Structures are given as structure tokens and as C-alpha cells.
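Structural overview
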Amino acid sequence: MLKNYHITFKSISLGLVLFFFACGSDSNNSSSNNTGPASTTPPSASAMVTTPDFNADSAYAFIAKQVSFGPREPNSAGHIMCGDWLIAQFRAYGAKVKVQEATLRFFDGTPTKARNIIAAYKPELANRIILSAHWDTRPVADEDVERTGDPIDGANDGGSGVGVLLELARLFQQQAPTIGVDIILWDAEDNGRPSIENSYCLGSQYWARNKHVANYQARYGINLDMVGAANATFLKEGVSMARASEVVQKVWSTGQRLGYGQYFSNQRVGAIVDDHVYMNDPGMVKSIDIIHMEPAGGFFGAWHTHGDNMDVISRETLKAVGQTVAEVVYQER
């Protein structure tokens, strides 16, 4: 049960998943020793699309821009300004943007005007996937030793997933994928308490109850969370494996083939609560989580502290995640 994890948010939830995967490594482990990028052209000769190059410098700049607004905790000025900028940026990159607005209540009853931001590419296609991340930040530094009641910059926890998705949106405008893609930025994700069930991920919970398009369907979803820190490790998480193991295999094998096996580890860990849990609700979209978890336990070192700033962001990690997801998307038919 991940007893070695000192997790508060994104913690184990027995009510959400009925079993856990034991920590360990897959037997097929040889590709995880790759350390350098390989060709983005897949081995199948039938796949004739060349995946464009993911620009890690651009993704890094998108993260820095978010951080420049200050903490983006809901109901703050930085949150409002950053949301407006994100909406404008997706429109500038040719997406059909829908803003799903709702007044949601945090665990303590505080209301927040939340905005899920949905950027659709080729919205007319039924053959589509979701790429998602949360864009709000933690309103307290509860894992720090000082200024614990102050909000954090959230460069990695919040900013990094959004930065990767913005760079992918820029690529989609330049070279459209064959399939439809919905980029969804979840709001009100990071202000819960571990002892209160369903107190996190309010934006994705709202979307699961009120999809942005009637009778919406997608083949699968990939959620990104904390994907920018140096030397990140992305383990095979329990809910992802239980609900969408074939998607995990698709993404992890792609990353390993491209030479990013040092990031995409075959080690399995138990279930955590993140936005992909609610994306996987009955009748919804089978979805996985790419999230930084340490093999020895816990999330990245600056998680929920004031150390989660631009100093932790690595262009190499952004490249590994961004190029892998781009390859998955562009090779879909």
C-alpha cells in the first residue's frame, strides 16, 4: 500500500481503486537503460508521418511565463491573469477553445470560480484523444519548514505539464496530427486534504459530471503532472495500470524506444489520486498519469514547498516527456 510514501495529496484511495500493484520492476527491463534520444521515426514502415521536434526551450519559457504571474491558487489575481493568458495562447495556436466555468467549493466550503480550459484540434473528428494537466497551484507550502501557510510558485507541480501541452499546441498548429486532440487544463486540483475524500481534483470531477461536449468520447487520455524536474522518474502507477494498461505500455515503450528509458521506468507503484482517476470514472475515458514519483518513495524533492520554482525545471526532462507524447500522438491513426 505504498507505505513508504509520505504522500498527503495524490494519496492512496481505497474507495477509488480496489487493488494495488506491488512495487517492483517488469521483467522486460533492458530498454530502460537507454539514456540518449533516438530517432523519432517508429520502426514500422507503414507509419509515414514524421513527428516534429519538441522544443524544450519553448516549453521552459511557457513555464516561466506562468510563474511570472505569481502563485496561481484559485481566487487569486495571478490565477485569473494566468487563465486569461492560457486561453489567448491556445487561440493563437489555432485551437477551438471552450472554457468550462463553474463555482466549486473546496473542502472547507470556500467557493471558487473555476475554469477548465479545453483546446480542441480537429473537433469534427470522432477519433480523438485527451492530453491534460492541472494549471492551478497549491495555496499552502505544507511540506516546507517555513512559510507553510503561503502559496507556492508551482513551477513543476502545475506549471510543467501546462508548459509541455502549450508546446504541443504550437506544434499542432504547424503540423496537424491525423487524429483529433483535446488539450484540457484542469482547475481547482491542488487544494484538498488527504483525510477528506474527493477534496482534490475538483475541476476534473466537475468535467466527469458535465462533459464539455454532449456524449463526448475519446479513445484514451494522458494526464501530465510534475513532468519537469531534473532526473525525474515516471513509474507505472496503479490506477493507470488497472484501467488503461495498454495506454501505459504504448507511452512507456515509446519513451524507451526514443532513448528516454532513464525517465520511463518499468517499476510499478500503487494507486494515487490525481485527475486521471476521475477521467477514468465509469463510462468516461480510460486514462493514465505521467507523474514524477521517486522509486524509493514520495514525489520530487521540492513537492509542495517554496523550492518548487524555476530552479528545479530541467529542459532535458521536458524534452523526454514532450517528445514521447508528441510521438504517441503523431503516430496514431
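Only a predicted model underlies this, so the values are computations on that prediction, with no experimental measurement involved.

1. Looking at the sheet that holds strand S4 (residues 128–134)
A sheet is described by the order of its strands in space; here 6 strands give the open sequence S2-S3-S5-S4-S6-S9, paired in mixed fashion. Each edge of the open sheet carries a strand with a single partner, namely strand S2 (96–105) and strand S9 (287–291). Shown here is a sheet whose adjacent strand axes are inclined to one another by a mean of 20°, direction ignored. Here strand S6 (residues 221–225) pairs with S9 via 5 bridges, running parallel.

2. Overview of the nonpolar core
With 76 residues, the main nonpolar core has Phe90, Leu131, Leu168, Ile183, Leu224 and Ile290 as its most contacted residues. If we ignore the near neighbours within four places in the chain, the residues touching Leu168 are Phe54, Leu131, Gly322, Val325 and Ala326.

3. So, the packing of helix H1 (residues 56–68) against helix H7 (residues 315–330)
Contact geometry for H1 and H7: axes closest at 9 Å, N-to-C directions at 110°. In this view, H1 runs roughly perpendicular relative to H7, as classed from their interaxial angle. Across from Ala56, Asp57, Ala59, Tyr60 and Ile63 in H1, the residues of H7 making contact are Arg315, Leu318 and Lys319. For the contact of H1 with H7, a count of residues per class yields 5 nonpolar, no polar and 3 charged.

4. A closer look at the pairing of S4
Where burial is concerned, most of S4 is hidden: 7 out of the 7 residues are buried. Where burial is concerned, the two faces of S4 agree: the one with Arg128, Ile130, Ser132 and His134 and the one with Ile129, Leu131 and Ala133 are both buried. Between S4 and its parallel partner strand S5 (residues 180–186), the chain crosses via helix H3 (residues 155–174), and the hand of that crossover is right-handed.

5. Structural notes on the pattern of salt bridges
Counted under the stated rule, the structure contains 11 salt bridges. As a salt-bridge pair, Asp150 and Arg147 come within 3.3 Å of each other at their nearest N and O atoms. The class for Asp150 is partly exposed, based on a relative accessible area of 32%. Linking Arg257 and Glu327 is a salt bridge whose minimum nitrogen-to-oxygen distance equals 3.2 Å. Pair noted here: Arg257 is in helix H5 (residues 238–257) and Glu327 is in helix H7, with a separation of 70 residues, a long-range link. A residue is classified by how much of its surface remains accessible, and Arg257, at 30% relative accessible area, is partly exposed.

6. Focus on the pairing of S9
Burial analysis of S9 places 5 of its 5 residues in the buried class, which makes it a mostly covered element. Alternating positions in S9 separate into two faces, Ser287, Asp289 and Ile291 on one and Ile288 and Ile290 on the other, with burial throughout.

7. Focus: the packing of aromatic side chains
Summed over all chains, the structure comprises 10 aromatic pairs. Geometrically, the ring pair formed by Phe299 and Trp303 is tilted, given 5.0 Å between the ring centres and 55° between the ring planes. Taken individually, Phe299 and Trp303 each receive the classification buried, so the pair is uniform in this respect. Taken together, the aromatic side chains of Phe62, Phe69, Trp85 and Tyr93 make up a single cluster linked through ring pairs. Above the face of the Tyr60 ring, Arg315 is positioned so that its terminal group lies 3.8 Å from the ring centre.

8. A closer look at the environment of Gly163
Mapped onto the elements of the fold, Gly163 is located in helix H3. Residue classification places Gly163 among the buried positions, given a relative accessible area of 0%. Residues Gly163 and Val227 lie 64 residues apart in sequence; the distance between their C-alpha atoms is 9.5 Å.

9. Considering the confidence of the model for the protein chain
Of the residues in the protein chain, 86% have a pLDDT of 70 or more, and the chain-wide mean is 89. Summarising per-element confidence for the protein chain, the mean pLDDT is lowest in strand S1 (residues 24–25) (43) and highest in H7 (99). Here residues 1–46 is a poorly scored stretch, pLDDT under 50, and it has 121 contacts once near neighbours within four places are set aside; other chains count.

10. Quick word on H5
With 20 residues, H5 should reach 28 Å at 1.5 Å per residue; the first-to-last C-alpha distance of 23 Å falls well below that figure. The largest bend in H5 is about 115°, located at Ala244. Gly259, located one to two residues past H5, shows a positive phi value of around 100°.

11. Quick word on the packing of helix H2 (residues 77–92) against H3
Remark: H2 packs on H3, axes separated minimally by 9 Å, with the N-to-C direction vectors making an angle of 25°. One finds that H2 runs roughly parallel with respect to H3. Between H2 and H3, the residues in contact are Trp85, Leu86, Gln89, Phe90 and Ala92 and Val162, Leu165, Leu166, Ala169 and Gln173, respectively. For the contact of H2 with H3, a count of residues per class yields 8 nonpolar, 2 polar and no charged.

12. Overview of unusual backbone geometry
Of note, Asn231 is a non-glycine position whose phi angle comes to about 55°, a positive value. With respect to the secondary-structure elements, Asn231 resides in the loop between S6 and strand S7 (234–236). Classification of Asn231 as exposed rests on a relative accessible area of 64%. For His304, which is not glycine, the phi dihedral falls at a positive 60°. Its place among the elements puts His304 in the loop between S9 and H7.

About the cut-offs
- Residues numbered from 1 in each chain as written.
- Predicted model: local features only at pLDDT ≥ 70, side-chain atom pairs only at ≥ 80, totals over all residues.
- Heavy atoms only, no water.
- Pairing = 2+ DSSP bridges.
- Helix = DSSP H or I, 4+ residues; strand = E, 2+ residues; numbered from the N terminus.
- Axes fitted to C-alpha atoms, helices over the stretch in contact; angles between N-to-C directions.
- Core = buried A, V, L, I, M, F, W, Y, C linked by side-chain atoms within 4.5 Å.
- Buried < 20%, exposed > 50% of the residue type's maximum accessible area, 1.4 Å probe, protein only.
- Contact = heavy atoms within 4.5 Å.
- Parallel < 35°, antiparallel > 145°, perpendicular 65-115°, else oblique.
- Nonpolar A, V, L, I, M, F, W, Y, C, P; charged D, E, K, R; others polar.
- Right-handed = clockwise from strand over helix to strand, strands pointing away.
- Salt bridge = Lys/Arg side-chain N within 4 Å of Asp/Glu carboxyl O.
- Phe/Tyr/Trp six-rings, centres within 6.5 Å; stacked < 30°, edge-to-face > 60°.
- Lys NZ or Arg CZ within 6 Å of the ring centre and 35° of its normal.
- pLDDT = per-residue confidence, 0-100.
- Expected span 1.5 Å × (residues − 1).
- Bend = angle between axes of the 7 residues up to and from the residue.

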